[in-house]
Amino acid sequence: MSDKQFQNELEMKSGVPDSCDWDSARRMMKFLEQFYQFTLKVSGSKYITSNLFLPEVGNLYNLLRNWVIPDKKDYQLSFMATKMKQKYDKYWGDVDKMNKLLYIAAVLDPRLKLQFIGFTLKWMYNDEKAVSELTKDIELATYELYAHYENQMEVGEDSSSQTELDDNGGNVDLVAEYMKQMQKERGVVNNTELDRYLKEGVEKSMDAKFNVLGWWKVNSHRFPTLSRMARDVLAVPVSTVSSETAFSTGGRVLNDFRSSLTPRIVEALICTQDWLRAYSSACLVEEDSEEIDNIDEELSMIMNAIGISDVPLPRIHTPRMSPNVEASTNI
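Residues numbered from 1 in each chain as written. Predicted model: local features only at pLDDT ≥ 70, side-chain atom pairs only at ≥ 80, totals over all residues. Heavy atoms only, no water.

Colleague: I'd like a rundown of the packing of helix α3 (residues 50-68) against helix α5 (residues 100-107), residues and numbers included.
Modeller: Contact geometry of α3 with α5 gives a least axis separation of 7 Å together with a crossing angle of 100 degrees. On the basis of their axis angle, the class for α3 and α5 is roughly perpendicular. On α5, the residues touching Ser 50, Asn 51, Phe 53 and Leu 54 of α3 are Leu 102, Tyr 103, Ala 105 and Ala 106. Within the contact of α3 with α5, the residues separate by chemical class into 6 nonpolar, 2 polar and no charged. (Axes fitted to C-alpha atoms, helices over the stretch in contact; angles between N-to-C directions. Helix = DSSP H or I, 4+ residues; strand = E, 2+ residues; numbered from the N terminus. Parallel < 35°, antiparallel > 145°, perpendicular 65-115°, else oblique. Contact = heavy atoms within 4.5 Å. Nonpolar A, V, L, I, M, F, W, Y, C, P; charged D, E, K, R; others polar.)

Colleague: Outline the packing of aromatic side chains, supporting the account with residue identities and numerical values.
Modeller: For the structure shown, the criterion picks out 11 aromatic pairs. For the pair Tyr 197 and Phe 223, a centre-to-centre distance of 5.9 Å together with 80 degrees between the ring planes defines the contact as edge-to-face. Highlighted residues: Tyr 197 in helix α9 (residues 193-199) and Phe 223 in the loop between α10 (212-218) and α11 (224-234), separated in sequence by 26 residues. A network of ring pairs unites the aromatic residues Tyr 197, Trp 215, Trp 216 and Phe 223 as a single cluster. Above the face of the Trp 123 ring, Arg 65 is positioned so that its terminal group lies 5.1 Å from the ring centre. In this arrangement the basic side chain of Lys 113 is found over the ring face of Tyr 197, its NZ or CZ atom lying 4.3 Å from the centre. (Phe/Tyr/Trp six-rings, centres within 6.5 Å; stacked < 30°, edge-to-face > 60°. Lys NZ or Arg CZ within 6 Å of the ring centre and 35° of its normal.)

Colleague: So what's going on with a nonpolar patch on the surface? Which residues, and what values?
Modeller: Taken together, the side chains of Ile 295, Leu 299, Ile 302 and Ile 306 define a hydrophobic patch exposed on the protein surface, amounting to about 360 Å² of accessible area. Position of Ile 302 relative to the elements: it lies in helix α14 (residues 289-305). (Patch = residues over 30% accessible without salt bridge, like charges linked within 9 Å, V, L, I, M, F, W, Y side chains within 5 Å. Areas by Shrake-Rupley, 256 points an atom, 1.4 Å probe, with all protein chains shown as cover. Salt bridge = Lys/Arg side-chain N within 4 Å of Asp/Glu carboxyl O.)

Colleague: Now, about the layout of surface pockets: what can you tell me, with residues and values included?
Modeller: Each pocket or cavity is described by its volume, and for the second largest pocket that value is around 450 Å³. Looking at the second largest pocket, it is lined by 18 residues, and the ones nearest its centre are Asn 51, Leu 52, Arg 111, Asp 207 and Ala 208. If you tally residues by element for the lining of the second largest pocket, the top one is α3, at 4 residues. For the lining of the second largest pocket, the per-class residue count stands at 10 nonpolar, 2 polar and 6 charged. (1 Å grid on protein atoms, 1.4 Å probe; cavity = no way out; pocket = protein on both sides within 12 Å on 5 of 7 lines; lining within 4 Å. Points joined across faces, edges and corners; volume = space filled by probe spheres on them.)

Colleague: I'd like a rundown of the nonpolar core, residues and numbers included.
Modeller: In this structure, Tyr 103, Leu 108, Trp 216, Leu 226 and Met 229 are the most contacted members of the largest nonpolar core, which totals 49 residues. In contact with Met 229, not counting residues within four places along its chain, are Ile 104, Leu 108, Thr 142, Leu 145, Tyr 146 and Tyr 149. (Core = buried A, V, L, I, M, F, W, Y, C linked by side-chain atoms within 4.5 Å. Buried < 20%, exposed > 50% of the residue type's maximum accessible area, 1.4 Å probe, protein only.)

Colleague: I'd like to hear about unusual backbone geometry, residue by residue, with values.
Modeller: The general pattern is negative phi for most residues beyond glycine and trans for most peptide bonds. The phi dihedral of Lys 113 falls on the positive side, at around 65 degrees, and the residue is not glycine. Here Lys 113 is to be found in helix α6 (residues 113-124). Given a relative accessible area of 2%, Lys 113 falls into the buried group.

Colleague: So what's going on with the pattern of salt bridges? Residues and values would help.
Modeller: The full count for this structure, using the stated rule, is 6 salt bridges. Among the salt bridges present, the one from Arg 111 reaches Asp 109, with a minimum N-O distance of 3.0 Å. Here Arg 111 matches Asp 109 in class, with each residue buried. With its nearest N and O atoms 2.6 Å apart, the salt bridge here joins Arg 222 to Glu 200.

In structure tokens form, the structure reads like this:
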């Protein structure tokens, strides 16, 4: 509509899109938008992504399954979805090849827990027997990982209690020792932190800004061992986009022509670039003039106190800039 030369070329080659072409483009955009949103969610670096991966993979499966159905109007889109479904089945079609840590991360989300695992697997797979076995394996793996953290906590407590015992002159809490001995003899595994956590109801907040680590921090007094386990598991990123981007940036900073930079300088350049890109608000120097004047007055008082008032202070120059000037431009 704006470029006449482009319009003439389309008319010469009979390539002017009609209403059907625009409808196909809108459906294609709606289809690809789901993958765009999925990529944004799982490739983030400033929020937890491990607990979001399983729900998003389930949504992706549902999307592909709906678009794979042949449609005369969108045959090309259906064909493309079929190819994508084949790639999806390559990585997610066999339940035995799953990384159970992704499922454990979903279990440690107080909004999901084990019930969501079984619901999602039944939604994605038709083999009920395989789904049931996988659900039991995930539950067993969660308990095994919890037992590992519990043993670490007990080792730390034993070492600290030994120190306290030495400080107290050999004084022992017989009741606590008796309870530990009875648990070992009976093999009591019920009523652990993990059992109490799984028996509690799920959080009803499905807000996208829900802070999972914040929830565990608030409830760490109730689940001290489980909160440490959640901290380590949930911190695992499910995408390598951030790390690969850092390496790519490092390759552009340190090349054949700048090979003499020290590691400290390279780190400073990469980090500064990342900070500048993350700083989206404008830097208003004029609003800081009052603070700068206060700093000048404090410096004058200090110099007068130490007896060098005759030395003139250099005035801090604050150039006037437009409010739309970004921080990177000022720097």
